[in-house]
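Structural characterization, general
Residues per chain are reported as follows:
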Amino acid sequence: MNRLDLKKRAQILGMLCEGMSLRATSRLADVSINTVTKLLVDVGTACAAYHDEHVRNVKSQRVQVDEIWSFTYAKAKNVKTAKAAPEGAGDTWTWTAIDADSKLIVSYLIGGRDAEYAHEFMQDVASRLANRVQLTSDGHGPYLGAVEDAFGDDVDFATLIKIYGSAPEGQRRYSPAICKGARKERVTGNPDREHVSTSYVERQNLTMRMHMRRFTRLTNGFSKKVENHAHAVALHFMFYNFAKIHKTLRVTPAMQAGIADHVWTLEDIAQLAD
């Protein structure tokens, strides 16, 4: 990777950020898969560090949080019978918090879906905000205690609980259940019911599945190591926040949020590892 010029590194990162697999990227860029992997590790590490340092004091009014499922090496039910399953194999959840106005990803965390990870995630979210916000989550139970510990009374918190029916007959394996309605519940403070929504963060889930091959369903492009999964997520959010112009905003989320003054290029992201 150290022998690659900046233009080639940017080309590889661009392919990864647009949803190509490691092997497809290595074929089209005419480099070895080990070169692609090492570049992902180095740049992903730098992206995570940059996000941690610079995405702070975010002036937001409304924040939405959610979790998206993936798996590493094997699905949880198959880990016991998998050959030489590494540590971290099984279900891998990515927690995300998005500013509903700027579309900035304020915080993200990779791990399990239990209360311990919920507390770690919400503590990080709270540490990055500059003011009181309205927060909306789904009905996942661990959010209740985690938000209280992280924010106390200094938040307007509500949940949006969706009510699902059964999937269409004959489509149960691949089709989600039908959403028949939703219930809004105030938890803390005085949230505006009109803005109790998880639409933006759920749309972000689709963006993640489109731009990261590791999240694509029914393929063999899933992560084999949880560390590389984390590097791919860090690269994606760096690209999404700082380099990808949002269609409706016409600037990047970071520019809209006031934490960047220009559109980053793939060369800029590649140079972070230097």
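Our subject in this report is the structure included herewith. (Residues numbered from 1 in each chain as written. Predicted model: local features only at pLDDT ≥ 70, side-chain atom pairs only at ≥ 80, totals over all residues. Heavy atoms only, no water.)

**Comments concerning the pattern of salt bridges**
In this structure the tally under the stated criterion is 11 salt bridges. As a salt-bridge pair, Arg-113 and Glu-67 come within 2.8 Å of each other at their nearest N and O atoms. In this pair, Arg-113 is assigned in the loop between β3 (105-111) and α4 (115-128) and Glu-67 in strand β1 (residues 62-72), connecting sequence segments 46 residues apart. You can call Glu-67 buried: its relative accessible area is 6%. Salt bridges linked by common partners bring Asp-52, Arg-56, Asp-124 and Arg-128 together as one network. (Salt bridge = Lys/Arg side-chain N within 4 Å of Asp/Glu carboxyl O. Helix = DSSP H or I, 4+ residues; strand = E, 2+ residues; numbered from the N terminus. Buried < 20%, exposed > 50% of the residue type's maximum accessible area, 1.4 Å probe, protein only.)

**Details of the pairing of strand β4 (residues 134-137)**
Side chains Gln-134 and Thr-136 of β4 all project onto a buried face; the interleaved residues Leu-135 and Ser-137 project onto the opposite face, where all are buried too. Here three bridges tie β1 to β4, and the two strands are oriented parallel to one another. The residue of β4 that forms the bridge with Arg-62 is Gln-134. In the sheet, β4 pairs with strand β5 (residues 156-164) via four bridges, with the strands oriented parallel. Paired with Ser-137 across the two strands is Thr-159, which belongs to β5. On the question of chirality, the crossover connecting β4 to the parallel β5 by way of helix α5 (residues 142-151) is right-handed. (Pairing = 2+ DSSP bridges. Right-handed = clockwise from strand over helix to strand, strands pointing away.)

**Overview of the side chain of His-211**
Note that His-211 resides in helix α6 (residues 199-211). A polar side-chain atom of His-211 sits 2.8 Å from the main-chain carbonyl oxygen of Cys-17. In contact with His-211, other than residues within four places in its own chain, are Leu-16, Cys-17, Glu-18, Gly-19, His-236, Phe-239 and Lys-244. (Polar contact = N/O pair within 3.5 Å; in protein donor to acceptor, adjacent residues only side chain to side chain. Contact = heavy atoms within 4.5 Å.)

**Topic: the nonpolar core**
In terms of nonpolar packing, the biggest core is built from 63 residues, with Met-122, Leu-135, Phe-151, Leu-235 and Ile-269 touching the most fellow members. Here this core gets 10 residues from one element, more than from any other, and that element is helix α7 (residues 226-243). Contact partners of Leu-135, with chain neighbours within four places excluded, come to Val-63, Val-65, Met-122, Val-147, Phe-151, Val-155, Asp-156, Phe-157 and Ala-158. (Core = buried A, V, L, I, M, F, W, Y, C linked by side-chain atoms within 4.5 Å.)

**Quick look at helix α1 (residues 6-17)**
An ideal rise of 1.5 Å per residue puts 16 Å on 12 residues; α1 measures up with 16 Å between its terminal C-alpha atoms. Along α1, the residues classified as buried are Arg-9, Ala-10, Ile-12, Leu-13, Gly-14, Met-15, Leu-16 and Cys-17. Each element contacted by the buried residues of α1 is listed here: α2 (22-29), α3 (33-54), α6, α7 and α9 (266-271). Just beyond α1, the residue with positive phi is Gly-19, at close to 95°. (Expected span 1.5 Å × (residues − 1).)

**Here we look at the pairing of β5**
Examined bridge by bridge, β5 and strand β6 (residues 179-188) share eight bridges and lie antiparallel to one another. Residue Lys-162 lies in a different strand from β6, and its bridge partner there is Ala-182.

**Here's the deal with the packing of aromatic side chains**
If you walk through the whole model with that rule in mind, you get eight aromatic pairs. With 5.6 Å between their ring centres and 80° between their planes, Trp-95 and Tyr-143 make a pair best called edge-to-face. Remark: Tyr-143 occurs in helix α5 and Trp-95 occurs in strand β2 (residues 90-99); sequence separation between them is 48 residues. Classification of Trp-95 by relative accessible area gives buried; the value is 0%. Geometrically, the ring pair formed by Phe-242 and Trp-264 is tilted, given 5.4 Å between the ring centres and 55° between the ring planes. You can see Phe-242 sitting in helix α7 and its partner Trp-264 sitting in the loop between α8 (253-257) and α9, a full 22 residues away along the chain. Aromatic ring contacts, followed pair by pair, group Tyr-50, Phe-242 and Trp-264 into a single cluster. The lysine or arginine in question, Arg-113, covers the ring of Trp-93, its NZ or CZ lying 4.6 Å from the ring centre. In this arrangement the basic side chain of Lys-224 is found over the ring face of Phe-222, its NZ or CZ atom lying 4.4 Å from the centre. (Phe/Tyr/Trp six-rings, centres within 6.5 Å; stacked < 30°, edge-to-face > 60°. Lys NZ or Arg CZ within 6 Å of the ring centre and 35° of its normal.)

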